[in-house]
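One-letter residues, chain by chain:
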Amino acid sequence: MSGLGEIFSSHGVLSRALDGYTARAGQARMAERIAAAIESRQHLMVEAGTGTGKTFAYLVPALLSGRRVLISTGTRTLQDQLYARDLPLLGAAVGRPASVALLKGRANYLCRARLSGQGVQAGLFGAPRQSAARIAEWAASTRSGDLAELSELGEADPLRLQLTSTGETCTGARCAEYERCHVVAARRTALEADIVVVNHHLLLADLTLKEDGFGELLPHVDAVIIDEAHQLPDLAAEFFGQSCSSRQVELLAQDLRLALAAARVAAPAARPIQQAIDMPLLALRAALGGTERRIAWQELPASTLEEVQQLLTGLRSAANALTTLDAGPELALCAVRARALAAALDLIGEVSSTEGARAVAVTPRGFQLSLLPYDIAARFSALVEQRPSAWIFTSATLALAGNFTHFATRLGLGDADTLCIDSPFDFEHQALLYLPAGLPDPAAGDYTARVLETALPLVQAAGGGAFILFTSHRALGAAARLLRARQEPLPFELLVQGEAPREQLLRRFRASGRAVLLGTASFWEGVDVQGAALRLVIIDKLPFAHIDDPLVRARVEFLQATGGNAFRDYQLPEAALALKQGVGRLIRSETDRGVVAICDPRLTSRGYGKSLLAALPPMSVTRDGDEAEQFLRRCARDFARQQRAAPVPA
Ligand code: SF4
């Protein structure tokens, strides 16, 4: 048995060091392939089915390699877990403790310059006195400057923007606080560490030298391991694209106002510069309105396009005026930011329709103009090839029936090795896939009501403990209204996405054990409810990307225009991967049991249904509602027994 085989075996060090450790052959196999890839600096794509234990399967070889390794995760939660729990635990277990650094994007660290600046003081004074005092006290004592230490500061708290820098606002080495800067300190620590844990945003920023990226991390590492790698193609497209948001322009306008005042620029000179940005921004916001939607560029009225042009002209003229004014570094930085935003707007407006999809996303808070390139494969692979490191991509959903072509093609990873590790769970016995008969076409007006008619007997049989996953917010809202309007109220707690933060909903769901949760996209993946608290997952429709989304439509039109088959090469594989993610919510451990009901009749009536089914774990399948209900009653009894034996963990 190899060293890794020994470590991962049922009598190995992990088994001795970790409570509840279960040896799995697939985990050891994955670790061996990753160790070999790190050693020979190869590229490797690994799909590891749920329960493989993929995190340990890449962390142990990373620790044992003695090489410098960069690990990138899709979420900050996983990033924190690797840094604070898994790496110290495994390092001690295998006797190879490493120096590990956690590096987040600059939006997570206190910017001392902004805090001491006039603008932030004003912002803080606008905050409740207690919070302002608490922030000031924390800022004086924190060592890391990581805002996660301020638990009372929510993710969406507008104060975060006041307290942090952006690539545009940071003055870098010219900053008076540079030597004490938390962002700089975190980066220095990262450069000296053996293992650095980042998230995909930071990885891509570093790769493309954008925003947060400082381009120093990647040249120093021997291996890059990307977990939750299925998220990378879409995120990379954003990074290779261009965007300009009302928020960026507002921040610039706000900083400009303060910098003009600080530099004591007289009103007759300052006012036109300020107005060159303020006025067209206001006009464009008014033209777009505040109704949440996404509009394709070519569908924007000529008058709105004219407002975009006015904003571009305003930004350029403000930048030129500031350069002529030559009144200090703060105003010079504003000029650079204005020019960069104008350049982004120019690119978005000018790019040809064969290069990328252009759209405007409007929300009640503002707008974002963006350009997403269609094809990033050549650029991504060129950047990867520039760095002679091992590149390892892993996720529970990278391949379709063992085939990695779709993922590899999107990132240009044609020559990477592949490995598929099947889930160790016994899906055939643990899960039943129910495909109800008799539902109408998903386009039918009463489709959501009919889905609920199918769902309710299943929910009753399961005694709650159900996720109902929708492919649109509209269907989610309609279902919540229909359930609440029932004469006979649902005898289970109803949790609806959007009515409380996601983590709070999940906590309540786990604690209840009998709740019904209605969710859309953010509940289709990255949600882990182990045990009998979740015993039923109902999916309303096949998760095809919405063709009325301008970005999707533009991509489809591009593929059609260039001789591709948009359905076969884009819509179908994307839907199959998303469906696999949604179904994957149900069975999270060896003892989990339950039913997945996929209501969409196209799964059985259309030819492509077979390939979607082939991508799913090998569950038993039934079209008989009674059989599904019986299975769920058994799950509900198991759950009741477990509850009597031990309370459901909160
Ligand atoms: S160097 Fe940049 S991030 Fe650091 S304190 Fe100065 S402005 Fe803020």
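Here the structure is a predicted model, which means the values were calculated and not measured.

Looking now at the nonpolar core. Judged by nonpolar contacts, the single largest core of 44 residues is most densely connected at Met45, Leu70, Leu103, Phe380, Phe393 and Leu413. Among the secondary structure elements, those contributing two or more residues to this core are helix H10 (182-192), strand S4 (195-199), helix H11 (200-208), strand S5 (223-226), helix H12 (232-240), helix H17 (377-386), strand S10 (390-395) and helix H18 (405-411). Here the element with the most residues in this core is H12; it accounts for six residues. Grouped together as the second largest cluster of nonpolar side chains are 41 residues, Ala431, Ala575, Ala576 and Ile598 included.

Two side chains carrying opposite charge are able to pair once their charged atoms lie near each other. Counted according to the given criterion, the structure contains 31 salt bridges. Here Glu299 ties to Arg553 by a salt bridge, and the two come within 2.7 Å at their closest N and O atoms. Remark: Arg553 occurs in helix H24 (residues 550-561) and Glu299 occurs in the loop between strand S7 (293-296) and helix H15 (302-325); sequence separation between them is 254 residues. On the basis of relative accessibility, which here comes to 22%, the residue Arg553 falls in the partly exposed class. A salt bridge links Asp569 to Arg568, with the nearest nitrogen and oxygen atoms 2.8 Å apart. Overall, Arg568 belongs to the exposed group, its relative accessible area being 51%. Residues joined in a network through salt bridges with shared partners are Asp80, Lys104 and Asp146.

In this section: H10. Buried residues of H10: His182, Val183, Val184, Ala186, Arg187 and Ala190, and no others. Its buried side turned inward, H10 meets strand S3 (100-102), helix H6 (112-116) and S4.

Every residue lining the ligand is accounted for by Arg106, Cys111, Arg112, Ala113, Ser165, Cys170, Thr171, Gly172, Cys175, Glu177, Tyr178 and Cys181. Tallied by class, the residues present in the shell around the ligand amount to six nonpolar, three polar and three charged.

This part covers the sheet that holds strand S6 (residues 242-245). Sheets are built from strands that pair by backbone hydrogen bonding, the pairs being arranged parallel or antiparallel. Strand order in the open sheet formed by four strands is S6-S9-S8-S7, and the pairing between neighbours is antiparallel. Each having just a single partner strand, S6 and S7 make up the two edges of the open sheet. Neighbouring strand axes in the sheet, compared pairwise and without regard to direction, differ in orientation by 20° on average. Examined bridge by bridge, strand S8 (residues 356-363) and strand S9 (residues 366-373) share eight bridges and lie antiparallel to one another. In the sheet register, Val360 faces S9, and the bridge partner there is Leu369.

What follows covers the packing of helix H3 (residues 25-40) against helix H4 (residues 54-65). In the contact formed by H3 and H4, the axes pass within 8 Å of each other and the chain directions differ by 40°. Considered as vectors, H3 and H4 are oriented oblique to each other. Here the hand of the crossing between H3 and H4 comes out right-handed. Between H3 and H4, the contacting residues are Gln27, Met30, Ala31, Ile34, Ala35 and Ile38 on the first element and Lys54, Phe56, Ala57, Tyr58, Pro61, Ala62 and Ser65 on the second. Its residues assigned to classes, the contact of H3 with H4 comprises 10 nonpolar, two polar and one charged.

Time to look at the sheet that holds strand S16 (residues 536-539). Read across the open sheet, the seven strands follow the order S14-S15-S13-S16-S17-S12-S18; overall the sheet is parallel. Pairing within the sheet leaves two strands with one partner each, and these edge strands are strand S14 (494-496) and strand S18 (620-622). Strand after strand, the sheet turns through a mean of 20° between neighbouring axes, direction not considered. Bridge analysis of S16 against strand S17 (residues 594-598) gives four bridges, and the strand direction is parallel. Bridge pairing in S17 places Ile538 opposite Ala597. In the packing of helix H20 (residues 447-462) onto the sheet, the strands contacted are strand S12 (431-434), strand S13 (466-469), strand S15 (516-519), S16 and S17, and the crossing angle to S16 comes to about 175°. Docked against the sheet, helix H28 (residues 625-645) engages S12, S16, S17 and S18, running at close to 150° with respect to S12.

Right, let's talk about helix H21 (residues 473-484) for a bit. With 12 residues, H21 ought to run about 16 Å at 1.5 Å a step, and its terminal C-alpha atoms sit 16 Å apart, in line with that. If you check which residues of H21 are buried, you get Ala475, Leu476, Ala479, Ala480 and Leu483. All buried residues of H21 lie within an arc of 135° about the axis, which places them on one face of the element. Exposed side chains of H21 directed beyond 90 degrees from the buried face belong to His473, Arg474 and Arg481. Where H21 is buried, its residues touch H20, S14 and S15.

Another point: the pairing of S5. Every regular strand shows the same layout, with side chains that alternate between the two sheet faces. On S5, burial covers both faces: Ala223 and Ile225 on one face and Val224 and Ile226 on the other are all buried. In the sheet, strand S2 (residues 69-73) pairs with S5 via four bridges, with the strands oriented parallel. In the strand pairing of S5, Val69 is matched with Ala223. Pairing analysis gives four bridges linking S5 to S10, with the strands arranged parallel. Residue pairing across strands places Val224 opposite Trp391, the latter belonging to S10.

Once that is clear, we can look at the environment of Ala283. Along the chain, Ala283 falls in helix H14 (residues 267-288). Separated by 25 residues in sequence, Ala283 and Val308 have C-alpha atoms that sit 9.1 Å apart.

What follows covers the environment of Gln497. Within the element layout of this structure, Gln497 appears in the loop between S14 and helix H22 (502-512). Overall, Gln497 belongs to the buried group, its relative accessible area being 17%. Remark: the alpha-carbon pair of Gln497 and Thr520, spanning 23 residues in sequence, is separated by 7.3 Å.

Taken as a whole and assessed by the stated rule, the structure comprises 10 aromatic pairs. Between Phe544 and Phe567 the ring centres are 5.7 Å apart and the planes differ by 40°, which places this aromatic pair in the tilted class. With Phe544 in the loop between S16 and H24 and Phe567 in helix H25 (residues 566-583), this residue pair connects regions lying 23 residues apart in the sequence. A relative accessible area of 31% places Phe567 in the partly exposed class. Seen in terms of ring centroids, Phe544 and Tyr608 are 5.6 Å apart; in terms of plane orientation they differ by 90°. Their pairing is edge-to-face. With a gap of 64 residues between them, Phe544 in the loop between S16 and H24 and Tyr608 in the loop between helix H26 (602-605) and helix H27 (609-614) connect regions that are remote in the sequence. Given the relative accessible area of 15%, Tyr608 is considered buried. Arg535 extends its terminal NZ or CZ atom over the ring of Phe639, reaching a point 4.1 Å from the ring centre.

Scoring rules and cut-offs
Residues numbered from 1 in each chain as written. Predicted model: local features only at pLDDT ≥ 70, side-chain atom pairs only at ≥ 80, totals over all residues. Heavy atoms only, no water. Core = buried A, V, L, I, M, F, W, Y, C linked by side-chain atoms within 4.5 Å. Buried < 20%, exposed > 50% of the residue type's maximum accessible area, 1.4 Å probe, protein only. Helix = DSSP H or I, 4+ residues; strand = E, 2+ residues; numbered from the N terminus. Salt bridge = Lys/Arg side-chain N within 4 Å of Asp/Glu carboxyl O. Contact = heavy atoms within 4.5 Å. Near = heavy atom within 4 Å. Nonpolar A, V, L, I, M, F, W, Y, C, P; charged D, E, K, R; others polar. Pairing = 2+ DSSP bridges. Axes fitted to C-alpha atoms, helices over the stretch in contact; angles between N-to-C directions. Parallel < 35°, antiparallel > 145°, perpendicular 65-115°, else oblique. Left-handed = near helix turned anticlockwise from the far one by under 90°. Expected span 1.5 Å × (residues − 1). Arc of directions from axis to C-beta. Phe/Tyr/Trp six-rings, centres within 6.5 Å; stacked < 30°, edge-to-face > 60°. Lys NZ or Arg CZ within 6 Å of the ring centre and 35° of its normal.

Geometric descriptors of this kind do not, in isolation, establish any biological role.
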